[in-house]
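Structural features, examined
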Amino acid sequence: MLLELRIRNFAIIDELSLSFSKGLNILTGETGAGKSIILNAVHLLLGDKATEELIRSSEEEASIEALFDISGNPEVKERVKERVGRLPDRGEEDCLLVRRVISRSGRGKVFVNGSLSTLGILSEIGEGLVSIYGQHEHQSLQRMETHVDILDEFGGLLGLRDKFQGRLQEFLSLSEEVRRIREEKERRAKERDLMAFQSREIEMAKIHEGEEESLKEEKRLLTHAQRLIAFANASEEMLYGEEGSAIERIQSILNQGREIVAIDPSLSQLLKNLETALIQVEEVAFGLREYSRRIEANPARLEEIENRLEEIDRLKRKYGSTLREVLLFKERVDQALKSFTSDEERLTDLESSLGPLREEVNALARRLSSERRRVASELKRSVEKELSSLGMKKTTFEVRIEDMPLSSKGIDRVEFLISPNVGEEVKPLAKIASGGELSRIMLAIKRILAKVGGAQALVFDEVDSGIGGAIAEVVGRKLRELSKHHQVICVTHLPQIACFADRHYSVKKEVRAGRTVTVVDRLEEEAVTDEIARMLGGVKVTEKTRAHAREMIENAKRS
């Protein structure tokens, strides 16, 4: 419920503060007094686009502020908590304060419960606070796409539709992921083949770290095998094998030395050292002999090593500067190939889930369609009954439901048809309903929808378009009945509607300090009578028109 509305420097409004109540709030006044300006301000609080022209002349910014009671609107409470992150302080949990500032600099601001917010969030929250029904809202009835929304709201099918839309969104998201993975699979098919070849090529080579160094060392030995063997054999001969070898000469020295030690014992240690040297030389000689036997001149093995090193060089040129880098490259390729396999498994899982989900979506769409066809006849009877009481007796109202491809709203194309005249076939509402008829049809629908719940404040502008007399009185009575379920704010030019007000406001223009301003007064008792009399009698109000006004007000209270 809208409790307070404050407007500053907006169009011809200097400063304005309005307090609204439960029930039916009526705004009246001469054409051009500023009633529509007030409603335009409310539109901005719901997220409509603002322009610099809306700011009062000579002012730099305009502001609109509203205080709402959201105690009966848990949906808005939850939305505020989610999108804004906080409710008012303890004790004010049922209040919502919205403020919008429009600046000539173009940097407008939005505040929700004192926190800086965005226009998108304001619009999202505003949907649950106020519904405005002006001329363009009546024209929304002419847009066939809105008819299914009205039917679903009337039939209490919004929950089922939300469930359908949720599953449909899951299905569409899943389908999109399947499409993406399939395209990615096709795009990467050649890449996968190349990776598989690279991994297989490295694997078949059976390389390992350190192999290259080992092969190069072996190659060096094989390349110089003849020279190494010759050196080992010659050295072994000189040390041991040939006549007069180093070992023979050392043994000869030792044999002579044993005799000499007897003469000079001081030579004993030197001879012992020589004996040790003899053993070492013998070991060297034997080692050279074994070395020469171990070294082999093997051209076939040398060629094999050279071929292997060439293969290693080829892999290094393609995959890395060292064998370690080549092996790391293979690890990366193998990991990538695993991701291909993972994607294929993911695709298989998704495709297996897609079928059952499609069936569930189709089942929900068929169920929603069945429910719509069931409640369509109920909506027809209810609307015809309301229209009859609004002076459109004998009007035929039909709800046409046709099959259509699956969409976010199901598989039904819903269209309202009407025949205001007996004997005429029903035709699309958008093509034959007049402005006054559209106003009354919208009022009839809102009256019906009010019975199925809702916590919004309802604002009616130009609901009296194209009507008058007894029908206007019926419209006033309907608005008051509607205000038992919703707070209703109505701008009207008709006394037959205004007399039903629970709270009446008069909107007028005045000139103050050389400038035109809009002024709104809350009317009480005699002031209400005078305003109704003015609406009845024009410029000159007589006692007769006042008496008529009192009678209308009294009759409205009793009805």
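Bear in mind that the values here come from a model prediction, so they are computed numbers and not experimental data. (Residues numbered from 1 in each chain as written. Predicted model: local features only at pLDDT ≥ 70, side-chain atom pairs only at ≥ 80, totals over all residues. Heavy atoms only, no water.)

1. What to know about the overall build of the protein chain
Put simply, the rule reads: In DSSP terms, a helix is any run of H or I states spanning at least four residues, a strand is any run of E spanning at least two, and both are numbered starting from the N terminus. For the radius of gyration, the atom set is restricted to C-alpha positions; the globular benchmark scales as 2.2 Å times the number of residues to the power 0.38. The Shrake-Rupley method, run with a 1.4 Å probe, gives the accessible areas here. Residue values count only the displayed protein chains as cover. Only four residue types enter the charge count: Lys and Arg as positive, Asp and Glu as negative, with His and the chain ends excluded. Charge positions come from single atoms, namely NZ of Lys, CZ of Arg, CG of Asp or CD of Glu.
Along its length, the protein chain carries 19 helices and 15 strands. On C-alpha atoms alone, the protein chain measures out to a radius of gyration of 49 Å, which is more than a quarter above the 24 Å that the 2.2 N^0.38 rule sets for 559 residues. By its C-alpha atoms, the protein chain is 170 × 60 × 40 Å across when sized along the principal axes. Accessible area for the protein chain stands at about 30300 Å²; split by element, carbon and sulfur atoms hold 49% of it. Side-chain charges of the protein chain comprise 89 positive and 99 negative groups, with the mean position of each set lying 8 Å from the other.

2. A look at the packing of aromatic side chains
The criterion, for reference: Whether two aromatic rings pair depends on their centres lying within 6.5 Å, for rings of Phe, Tyr and Trp, where Trp uses its six-membered ring; planes under 30 degrees apart make the pair stacked, over 60 edge-to-face, and the rest tilted. Whether a residue is buried, partly exposed or exposed follows from its accessible area with a 1.4 Å probe, protein chains only, as a fraction of its type maximum: under 20%, in between, or over 50%, in that order.
Per the counting criterion, the structure on display carries four aromatic pairs. Both rings, one in phenylalanine 397 and one in phenylalanine 416, keep their centres 5.1 Å apart while their planes meet at 55°; by these two values the pair is tilted. With phenylalanine 397 in strand E9 (residues 396-407) and phenylalanine 416 in strand E10 (residues 410-419), this pair connects stretches of sequence that are 19 residues apart. For phenylalanine 397, a relative accessible area of 0% puts it in the buried group.

3. Brief notes about a negative patch on the surface
Our working rule: Like charges within 9 Å and nonpolar side chains (Val, Leu, Ile, Met, Phe, Trp, Tyr) within 5 Å are joined into patches, using only residues over 30% in relative accessible area that form no salt bridge. For salt bridges, the criterion is a side-chain nitrogen of Lys or Arg within 4 Å of an Asp or Glu carboxyl oxygen.
Taken together, Glu237, Glu242, Glu243 and Glu248 make up a surface patch of like negative charges. Structurally, glutamate 237 is set in helix H9 (residues 225-241). Exposure remark for glutamate 237: the relative accessible area of 36% places this residue in the partly exposed category.

4. Observations regarding the environment of arginine 413
Threshold: The contact criterion used throughout is that any non-hydrogen atoms of two residues lie within 4.5 Å.
Tracing the backbone through its elements, the reader meets arginine 413 in strand E10. The partly exposed category is assigned to arginine 413, whose relative accessible area is 34%. The spacing of arginine 413 and alanine 41 is 372 residues in sequence and 35 Å in space, taken between C-alpha atoms. If sequence neighbours within four positions are ignored, arginine 413 has contacts with Met144, Arg400, Ile401, Glu402, Asp403 and Met404.

5. Focus on the sheet that holds strand E8 (residues 130-133)
Formally: Pairing between strands requires that DSSP locate at least two bridges from one strand to the other. Only C-alpha atoms enter the line fits that serve as axes; for helices the fit covers just the stretch in contact. Angles between N-to-C directions range over 0 to 180 degrees.
Pairing is mixed across the open sheet formed by six strands, whose spatial order is E8-E12-E13-E3-E14-E15. Among the strands making up the open sheet, the edge pair consists of E8 and strand E15 (515-523). Put simply, the sheet's adjacent strands are angled 20° from each other on average, direction ignored. Relative to strand E12 (residues 457-461), E8 runs parallel, the two sharing four bridges. Within E12, the position partnered with isoleucine 132 by the bridge is valine 459. Relative to E8, helix H1 (residues 35-45) is tilted by about 140°, and along the sheet it contacts strand E3 (24-28), E8, E12, strand E13 (488-491), strand E14 (503-512) and E15.

6. Topic: helix H16 (residues 469-482)
Quick reminder of the rule: To estimate how far a helix should extend, the number of its residues minus one is multiplied by 1.5 Å.
In a regular helix each residue adds 1.5 Å, so 14 residues correspond to 20 Å; H16 covers 20 Å between its end C-alpha atoms and thus fits that length. Among the residues making up H16, those that are buried are Ala472, Val474, Val475, Gly476, Lys478, Leu479, Arg480 and Leu482.

7. Focus on the pairing of E15
Sheet topology note: the E14/E15 ladder contains nine bridges and is antiparallel. Of the residues in E15, the one forming a bridge with lysine 509 is threonine 518. Where E14 hands over to E15, the hairpin turn is made up of two residues, of which alanine 513 adopts a positive phi near 50°.

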